[in-house]
Each structure stands twice: as C-alpha cells, then as structure tokens.
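# Descriptive structure summary
Spelled out, the chains give:
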Number of protein chains: 2
Amino acid sequence: MLNNKMTELLKVKYPIIQAPMAGGITTSTLVAEVSNSGGLGMIGAGYLTPVQTREQIKEIKQLTSHPFGINLFVPKEFMVTEKEVHSANQFLNPIRQQLNLQEKDSFEIPRFNDVFETFMEQIKIVMEEKVPVCSFTFGIPSKEVIAELKQSNIILIGTATTVREAVENEKAGIDIVVVQGSEAGGHRGSFIDEYQQSLVGLMSLIPQVVDTVNIPVVAAGGIMDGRGLMASICLGAKGVQMGTAFLTCVESGAHKVHKEAILNANEDQTDLTRSFSGKWARGIKNKFIIEMQDKENLLPDYPVQNTLTQDIRKASSTQNNQDFMSLWSGQSPRLAKSQTVKSLIKNIIEEAKNINSYI
Amino acid sequence: MLNNKMTELLKVKYPIIQAPMAGGITTSTLVAEVSNSGGLGMIGAGYLTPVQTREQIKEIKQLTSHPFGINLFVPKEFMVTEKEVHSANQFLNPIRQQLNLQEKDSFEIPRFNDVFETFMEQIKIVMEEKVPVCSFTFGIPSKEVIAELKQSNIILIGTATTVREAVENEKAGIDIVVVQGSEAGGHRGSFIDEYQQSLVGLMSLIPQVVDTVNIPVVAAGGIMDGRGLMASICLGAKGVQMGTAFLTCVESGAHKVHKEAILNANEDQTDLTRSFSGKWARGIKNKFIIEMQDKENLLPDYPVQNTLTQDIRKASSTQNNQDFMSLWSGQSPRLAKSQTVKSLIKNIIEEAKNINSYI
C-alpha cells in the first residue's frame, strides 16, 4: 500500500516528502533526518546563493547516504516602477517605525537577469553534485534545462495547483507532480492560473488531477498525519508532501516564535496574503497581514515586494515579535506537534497501517 | 467499514447523505430514490412554505418506506435599510434590462417575524409527520425546539464550517454534525465564523473536528465518488454528504442548463459570491458573478438580497440563459456524471470496496 511508482522513482521507503520550505527552515539536519527516517528530505533553496546551495548539499551528504532533494524557484520576468516601490514604502514605513527601523524610500531592486543567472548556476550545481531529486515551484524550467537534468538521471518533481498546471508539468517531461491544495501553507505554486481560481481543496483537486495525468501525483496541503496520508492514497495520490508538520519538528530551523504561533493556532486563523513577498501565500493572520489587507492589490510583484519587506521580517524576527513575521502555516495547525522527525514519520506510518487494518 | 454509529443512528445501509439542496432540486423522486438505494434522501425545505413542506413529505412517504430527512434554514435576525435596497437595485436594473425585465426600485422586503413563523410551522409539521431525520443550516435552533424534536425521536443533524461551530452543535445536543469544507457548492453554512475564516479544506477540517467532538462527523464538499467516501473515512468521518453529485442525476429537479453547466465545468471555474442571496455561496462563475464582483460588500444580507434577485434568477432560468442563474457547484465538476441515483450509489459503494481491497 505504501510502495508504488513514486517510492520506486525516488528510491525511498515511505511515500513522504518533506516540503522544501525556503528561508532557513530546511536545515541540513532536518533534511538528512527525513531521509534517514525513510522519507525524502528536501532543501528549500529558493533564496540561497549558489555558494550556499553547494555548501548545504555537501553538508547533507555528510549526514545521510539516503536520497534527498532540492527545490528551486523558476524565475519569471517581472516589471516594477519607481512609483510602485514608493507607494509600497509608504505603507511599510509606519511598520518600520513600530520596529525602530529606519524609514526607506528607495531600494535596490533585484534584476531579472541576476535572478535568472543564480537559477542557472543552481541547476549546474545540482547536476555537478548529483542531487538525486530536483523539484520546481512557480513554473516549469525550459526544455533544455529539463533535458540536461534528465540526462544526469535526476528525478524531477513539479508543482501544480490546477489540473491544467499538472498537465503542463507532464507534457514537459516532469516525473512526478505535487498538487497543492488550497489548505497548503506558504506560497501558492500557481504559475498559469490566477491565485483565486487555483484555490482548490485537496478532496477535489487530487482525483481530478489523477484522472487526467499519468505521472504519479503527490498531495500537499494540510496533511499532518497517517490519516492525511491514507486519505490522499484513497483519492489516487501516490504519496504526500508535508510542510507545516515538519516545520514544528525540533530539527527545523524555523524561528521559535513561528513554531509557537503554529502550535497555538486554530484551523480558522490562517489567511492568504501577498503582502510579504508579492506572491500569494498562506500564513497565520498577524498584525502585518491585517494592516496590509486593503493594500494587497497595490503592491509590486515578487520578488520586488519580498526585497522591500526583508528588513521588516528580519527585525521582527530578531525582536521575537510575531506581528510582522511571515508565519507560514497550512490549515491544520491544531494537528501540529513539537517532536523529532523520526517520531513524526514513525507515527505517520503506524497510524496509516492502523487505518489500513480497520477500514 | 461502511457501518458505524452514523448509519446506525440514521438506520441507513450506506453512509451517504444526499445534500438537501433547496430551490426545487430535491424532487420527491430524487429523495425517495436515494433512500431506496440505501442512502439518506433529504428534502431541501429552506424555501418551501409550510403547505409545500407537508405535501412533499407525504409524497415521499408514498415513494419509499426507508428513512429520509428534511433540512430547514434556521432564521437569523436581519437589518435592512431603504438605501441598501435602492443601491442594490441600481446594480440589478442593468441586468434586468438584459433579460427584458421591468426595472424595479422598491421591494416587499421579507420580515423576520414571518420567516421565523414559517420555520416554527415547518418544525411542527416535521414532528406531526414523524420525519425520521431533520437537519439544520445557518445556525442551531433553540433549546426548546431541539428538546421537542428529540422527544419525537427525530435524529438531528447540524452543519459546521469550523471546529468551533461543530462544538456548538454538539453542546446543543445535535446527534450528527456535517462539516462543510471550502470545496462545497451552494451556500456556506457558517453561522459563527466569518466566511473567509471558515474556508477550510476538508483535508484539514475533518481531522481537526474529529479530534474535538464526540458525535459522528459527516464530510461535505467536493465528494463525488468512492474515493471521496474512503478518504473521508480515513480522515475520521463516519460518512459523506454529497450535493453536486446528486444534482446532475436524472432524478434531480435542477434546471437542465444548470446540470449542463456543471457537466462542462473544470475544477477552477467555481467562485464564491454573495450576490445571489446575500449569503456566501459557491457556484460556477458566470456573467452575474463577474458583474457583481466589486459590489459584493454593498449588498444587503440574506434573505433580502435573495428576494431582490428572485425575478432575475427566474427570468434567466425561463430563458435557458445561464448568465444570471445561480449555478451552485462544488469544486469537483469534472467528476460529475449524468446518471441515475441508483447507479451513482452503486458505483460509489463498489469503488469504495475496491479501494478497501487494494490499499
């Protein structure tokens, strides 16, 4: 029941992928522990420099002999005007005041060419270091990149939030597709469909994707335990990708304020916002989300807004102040626990087997 | 696996409830066929007069000897001003023009006392006619009403969209709670929590409710087949309530334009709107939803807005024009089929047993 085409492709014991959460959460210990416990540990490399990327890959190789993976953000052209930056700063400056930060009016805006170059360097490193699995968010890489990675025998995982996006992944030659339900914490992986259209719950999304594509489908969003794993399998998925459940593990690098916020939250306390990064993402509703709510549509796109809020998120985090941190979480925070990765995975598998024996 | 406390309480063979869709969809044939096929047929009596309510109950008794149920809308005090009605009419009049309807400026606004009186008469009829099961949407009836219904040995089902709402149902003495995920079509059943907070996907909602209440939990939202039934059971639900799947059945009274719209829709083509009734509901995104999108917050509450759009919905439907009809649908329209109730239920059970044998 737990062994299938997905576990074969990934060469893992259990059909459990640790979601590649970017921003320091996926420490080498977390990634290695997941792989050592029979799942697939994943580096969230979206915000890493090429140097950091290579370092972490090397570090993980020291900690595990099992397969692990890495996730990259596929860069997309973006436009930004001086005016947009100025207007976003006008909203952000009162928040900077509250955090005793210097007000700002201009910013060094990331250039697409630089972002793209970093991505291509990361791809090169993934091949040189022979990372067994590479996954993508926010899009599908070019034909050439996919062909090169496949020649290096790297298993490719794509992300989709709708049937159409899953079909595009399959067409491009991606091996496995993660379908992200509306329950999911962190960034929406949508890259064709607008975010509102793409807010489909997993109970609906999994079977409709499974009926349309032939590659293995992995479910993501709100899955925290053996119940979610078994439900996903019943719906036709081959496995699960879990974020929030691993984020509160002792090995995760998430800020303790972030972990505590999840451990104390209810199912109805998350919300979607694009105020932190310019891309829609789900997190625990805090002061920042509430204050920015009516300005959502006036803010610049990713990665510009992400750069603009960097000082705010950093200061809030340094001051142990949850008000202005991005407290990404899926819709199942009541099921989150503070435990080791080993114990989390053991519990999932035991619960799954238990369900399988009584249903 | 398919027999449990819920099927025992309801005295049904299979843990499948046909959602009580109001507005002429739940014909007596539909309700009776569901009960005759081993599920629980339900009358959507939210918009029925007391006379119509009694007539349909009597009609169904002629068609089945199996248990069936009825759903009532719990009335809530509402406020409305002349100005709100005037402003809503200003938005609606251009649509009336498109349908060759007379423009309107005033309306006979429903009075709470009348709505409440109708509800109490319906409760009386349910007891007199000894309807085996009574379910509620939009709230929980008073202690007195619950006590009377229970004395008449009527099994009570409540609706919840969050853990808190499920707990309130249990506290009030309700026997079974239907948890409505964000995937669900038609009206959101939220009665404590605001609609946005309450948009929790079933993968998250079911286990978090199951961990908190002791009464049987029934899952609703996007469930269309044996996969959804088995997934819900894995997550801890005792059964499912299905709307869209029954709506496209040949026995349903839904308009053929409505059925066709669902049969041709994709998973990302539904949206939430309060423009039809004043309460948030999910339907296939049509011209009406799009045109009213930026006026959502300016419209009067249920049931006022519902009364205001009545002529529009009726004319659109008479003209076989899907543009201004309320095309309620959950997020799984790709899984909808035109088939008989008997065949739908047979397929669900066969698929569920099949899944159970291979997982």
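Model, not experiment: these values are computed from the prediction.

A separate point is the pairing of strand E9 (residues 239–242) of chain A. All names here are of chain A. Burial along E9 is two-sided: the residues Gly239 and Gln241 and Val240 and Met242 are all buried. Relative to E9, strand E1 (residues 16–18) runs parallel, the two sharing 3 bridges. Along E9, the bridge assignment pairs isoleucine 16 with valine 240. Pairing between strand E8 (residues 217–220) and E9: 3 bridges, direction parallel. Note on E9: the bridge partner recorded for alanine 219 is valine 240. A crossover links E8 with its parallel partner E9, the connecting element being helix H9 (residues 226–234), and its sense is right-handed.

Next up on the list: unusual backbone geometry. Residues and elements named next belong to chain A. Residue proline 303 is reached from tyrosine 302 by a cis peptide bond, and omega for that bond is 0°. In this fold, proline 303 is placed in the loop between helix H12 (287–292) and helix H13 (304–308). Phi angles above zero are rare outside glycine, and phenylalanine 138 is one such case at about 70°. Tracing the chain through its elements places phenylalanine 138 in the loop between strand E4 (133–137) and helix H6 (143–151). The backbone of asparagine 320 sits at a positive phi, close to 50°, despite the residue not being glycine.

On to the interface of chain B and chain A, then. In this complex, chain B contributes 42 residues to the contact, which on the side of chain A involves 42 residues. Both faces considered, chain B and chain A share a buried interface measuring about 3,500 Å² in area, 54% of it formed by carbon and sulfur atoms. Remark: the boundary between chain B and chain A carries 4 salt bridges. A salt bridge links arginine 164 of chain A to aspartate 268 of chain B, with the nearest nitrogen and oxygen atoms 3.5 Å apart. The interface formed by chain B and chain A holds 16 residue pairs in polar contact (both at pLDDT 80 or more) in total. Those elements that place two or more of their residues in the side of chain B that touches chain A are helix H7 (163–171), helix H8 (202–210), helix H9 (226–234) and helix H15 (341–358) of chain B. Here the side of chain B that touches chain A is composed, by residue class, of 20 nonpolar, 14 polar and 8 charged.

Quick look at the sheet that holds strand E10 (residues 270–273) of chain A now. All names here are of chain A. Spatially, 3 strands are ordered E7-E11-E10 in an open sheet, and the strand pairing comes out antiparallel. Strand pairing shows two members of the sheet lacking a second neighbour, strand E7 (186–187) and E10, which therefore form its edges. When E10 meets strand E11 (residues 281–284), the two strands line up antiparallel, connected through 4 bridges. Along E11, the bridge assignment pairs threonine 273 with alanine 281.

Reading guide: rules and limits
Residues numbered from 1 in each chain as written. Chains lettered and ligands numbered in written order. Predicted model: local features only at pLDDT ≥ 70, side-chain atom pairs only at ≥ 80, totals over all residues. Heavy atoms only, no water. Buried < 20%, exposed > 50% of the residue type's maximum accessible area, 1.4 Å probe, protein only. Helix = DSSP H or I, 4+ residues; strand = E, 2+ residues; numbered from the N terminus. Pairing = 2+ DSSP bridges. Right-handed = clockwise from strand over helix to strand, strands pointing away. Contact = heavy atoms within 4.5 Å. Buried area = accessible area lost by both parts, 1.4 Å probe. Salt bridge = Lys/Arg side-chain N within 4 Å of Asp/Glu carboxyl O. Polar contact = N/O pair within 3.5 Å; in protein donor to acceptor, adjacent residues only side chain to side chain. Nonpolar A, V, L, I, M, F, W, Y, C, P; charged D, E, K, R; others polar.

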